[in-house]
2 protein chains.
Amino acid sequence: MSFKIDALDRLVEHLSRLPGLGEKTAQRLAFHILKTKDEAISQLSQALVDVKAQVHDCPVCFNYTDRELCAVCDDANRDGHLLCVVEDAGDILRIEAAMSFKGRYHVLQGVLSPLDGVGPDQIRLVELLNRVENEGVREVVLALDADLEGDATSLYLTKTLKGRVGDIKVTRIAHGVPIGGNLEYVDHRTLSRALENRVEL
Amino acid sequence: MSFKIDALDRLVEHLSRLPGLGEKTAQRLAFHILKTKDEAISQLSQALVDVKAQVHDCPVCFNYTDRELCAVCDDANRDGHLLCVVEDAGDILRIEAAMSFKGRYHVLQGVLSPLDGVGPDQIRLVELLNRVENEGVREVVLALDADLEGDATSLYLTKTLKGRVGDIKVTRIAHGVPIGGNLEYVDHRTLSRALENRVEL
């Protein structure tokens, strides 16, 4: 549906390209924006420009940062022997929010997905191998999603890491029944993984 | 959750002020924006500025426009005897999409809501009365929401219009069971209204 008002049509088009926003939501947002004070919208507009201008990848771990190194790489108190591998920078925030990991991170910026044309050269694998070899890493913790691509990437990384660095320890975060989770509502693949990875008490 | 990256925190804050976007969605959008090409984001940023600079209220009917008059007011083929009253400009688009109304519109920019401090002076009532008196309007079609405020506003407008212009016809769009709607899923107030407004065949 076109509003026949160029600026409005253009805004709806750009908004509806954002993930999770359909055309209806984009229209609703555009109308809200028309009703909102000019100043608030010019601040939002500026925030979009600023985030693209100021935020970039950390050259070491590929986390987001607005400085030379990201907050984790720049923190001398972090345990450099322990390296947690994640798919994207957002995962770092989720793990940091759990406040139980004191090592460093490495963002792959993707997972292997042959069907989508994502092979080992399209993710930050060379950089990972270099870091493991040069930074004295003793254990790599794989924290990838528990789906097909995540599992395949974990397997590939394990083989490649062990092939390159003989005595490296590679672990994977535990998959199982969520804390507070009711067995009744847990799918059978999760339950099967939880049984397989049972822990002795 | 703060990312400790000023530009990113600021963007999430501004995004989460938009209606229907919680903090989590705002974070997800911000990460998507970081991954999107600079050019696309600068276009979105510009679209926000443009829409505020170029789009304003039509001085006659208070629809949105980027010209002197809105597309409907500027269209000489519209029936000036028929005036449809809506709550906001978005409603015009929805009615236009139905393509069955050929009259003109008047946007109230709100409905009466004493609890929220919205009285007759806070909506475009004076402008409506002036138009009805000066534009030769014969019928006013009220197309307000079928809720408490909408119904109260419809009642108030009917009394005020009839008090001011003796021979004006005031109608209200029909409320009833939606086309394709199953009686099983229609609430009892809608059903009661549909019975009350039954049409002879």
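Residues numbered from 1 in each chain as written. Chains lettered and ligands numbered in written order. Predicted model: local features only at pLDDT ≥ 70, side-chain atom pairs only at ≥ 80, totals over all residues. Heavy atoms only, no water.

**Q** What's the story with unusual backbone geometry in this structure? I'm lost.
**A** Comment: phi is negative for the bulk of residues other than glycine, and the bulk of peptide bonds are trans. In this structure, Phe62 of chain A takes a positive phi of about 70° despite not being glycine. Following the sequence through the fold, Phe62 of chain A ends up in the loop between β1 (56-57) and β2 (64-65). Phi is positive for Gln109 of chain B, which is not a glycine, with a value near 55°. In this structure, Gln109 of chain B sits in the loop between β4 (103-107) and α5 (125-134). We classify Gln109 of chain B as partly exposed; its relative accessible area is 32%. (Helix = DSSP H or I, 4+ residues; strand = E, 2+ residues; numbered from the N terminus. Buried < 20%, exposed > 50% of the residue type's maximum accessible area, 1.4 Å probe, protein only.)

**Q** What is the right way to read the sheet that holds β4 of chain B from this model?
**A** By definition, the strands of a sheet pair up through backbone hydrogen bonds, in either a parallel or an antiparallel sense. Residue and element names in this part refer to chain B. Strand order in this open sheet of four strands is β4-β3-β5-β6, and the pairing throughout is parallel. Either end of the sheet is taken by a strand with one partner, and the two such strands are β4 and β6 (169-172). Taking each pair of neighbouring strands and ignoring which way they run, the sheet shows an average axis angle of 25°. Contacting β3 (79-86) and β4, helix α4 (residues 89-98) crosses the sheet at an angle of about 155° to β4. Packing against the sheet, helix α6 (residues 148-164) makes contact with β3, β5 (139-142) and β6, and its axis sits at approximately 170° to β5. (Pairing = 2+ DSSP bridges. Axes fitted to C-alpha atoms, helices over the stretch in contact; angles between N-to-C directions. Contact = heavy atoms within 4.5 Å.)

**Q** Explanation requested: the relation of the copies chain B and chain A in the structure shown.
**A** Put simply, the two copies of the chain differ by a rotation about an axis and a shift along that axis. Superposition record for chain B on chain A: RMSD 0.1 Å, screw rotation 179°, translation along axis 0.0 Å. The transformation relating the two chain copies, once decomposed into turn and shift, fits a two-fold axis. Closest to the rotation axis within chain B is the C-alpha of Ser45 of chain B, separated from it by 2.2 Å. Of the interface residues in chain B, 100% have counterparts in chain A that sit at the interface too, so the contact is made through matching surfaces. (Least-squares fit on C-alpha atoms with pLDDT ≥ 70 in both.)

**Q** How should the nonpolar core be read in this particular structure?
**A** Within the largest apolar cluster, 46 residues are counted, with the highest numbers of intra-cluster contacts made by Leu11 and Leu15 of chain A together with Leu11 and Leu15 of chain B. Contributing elements (two or more residues each) for this core: α1 (6-16), α2 (23-35), α3 (38-54) and α4 (89-98) of chain A together with α1 (6-16), α2 (23-35), α3 (38-54) and α4 of chain B. Ignoring anything within four residues of it in the chain, the contact list for Leu15 of chain B reads Leu44 of chain A together with Leu21, Ala26, Leu29, Ala30 and Ile33 of chain B. (Core = buried A, V, L, I, M, F, W, Y, C linked by side-chain atoms within 4.5 Å.)

**Q** What is the right way to read the sheet that holds strand β3 (residues 79-86) of chain A from this model?
**A** All names here are of chain A. An order of β4-β3-β5-β6 is seen for the four strands of this open sheet, with the pairing classed as parallel. Because the sheet does not close on itself, it has two edges, and the strands there are β4 (103-107) and β6 (169-172). Geometrically, the sheet is characterised by an average inter-axis angle of 25° between neighbouring strands, direction not taken into account. Running over the sheet, helix α6 (residues 148-164) touches β3, β5 (139-142) and β6 and is turned about 170° from β5.

**Q** When you look at the side chain of Asp50 of chain A in this model, what are you seeing that I'm missing?
**A** Locating Asp50 of chain A in the fold gives a position in helix α3. Not counting residues within four places of it along the chain, the set of residues in contact with Asp50 of chain A comprises Val55 of chain A together with Ala7 and Arg10 of chain B.

**Q** How do you make sense of the interface of chain B and chain A when you look at a structure like this?
**A** Many descriptions give the size of an interface as the accessible area lost when the pieces come together. Facing 46 residues of chain B, the contacting portion of chain A comprises 46 residues. Roughly 4400 Å² of surface becomes buried between chain B and chain A when both sides are summed, with 74% attributable to carbon and sulfur atoms. When the area that chain B buries against chain A is broken down by residue, the three leading residues are Leu48, Lys52 and Tyr64 of chain B, summing to 16%. Linking chain B to chain A there are six salt bridges. As a salt-bridge pair, Lys52 of chain A and Asp38 of chain B come within 3.6 Å of each other at their nearest N and O atoms. Counting across the interface, chain B meets chain A through nine residue pairs in polar contact (both at pLDDT 80 or more). For the side of chain B that touches chain A, the secondary-structure elements that each account for two or more residues are α1, α2, α3, β2 (64-65) and α4 of chain B. By residue number, the principal contributor to the side of chain B that touches chain A is α3 of chain B, which donates 13 residues. (Buried area = accessible area lost by both parts, 1.4 Å probe. Salt bridge = Lys/Arg side-chain N within 4 Å of Asp/Glu carboxyl O. Polar contact = N/O pair within 3.5 Å; in protein donor to acceptor, adjacent residues only side chain to side chain.)

**Q** Would you take a moment to explain the pairing of β5 of chain B for this structure?
**A** Consecutive residues of a regular strand have side chains that alternate between opposite faces of the sheet. All names here are of chain B. Residue alternation in β5 divides its side chains into two sets, Glu139 and Val141 and Val140 and Leu142, and both sets are buried. Taken together, the four bridges between β3 and β5 define a ladder with parallel strand orientation. When the sheet's bridge partners are listed, Leu82 is paired in β5 with Glu139. Inspection of the sheet shows β5 paired to β6 by four bridges, in the parallel sense.

**Q** Where do I start with the environment of Leu191 of chain B in this structure?
**A** Residue and element names in this part refer to chain B. One can find Leu191 in helix α7 (residues 188-196). Note on Leu191: relative accessible area 28%, which makes it partly exposed. Considered as a pair, Leu191 and Asn130 are 61 residues apart in the sequence and their alpha carbons are 37 Å apart. Residue contacts for Leu191: discarding those within four places in its chain leaves Val177, Leu183 and Val186.

On their own, these measurements won't tell you what the molecule is for.
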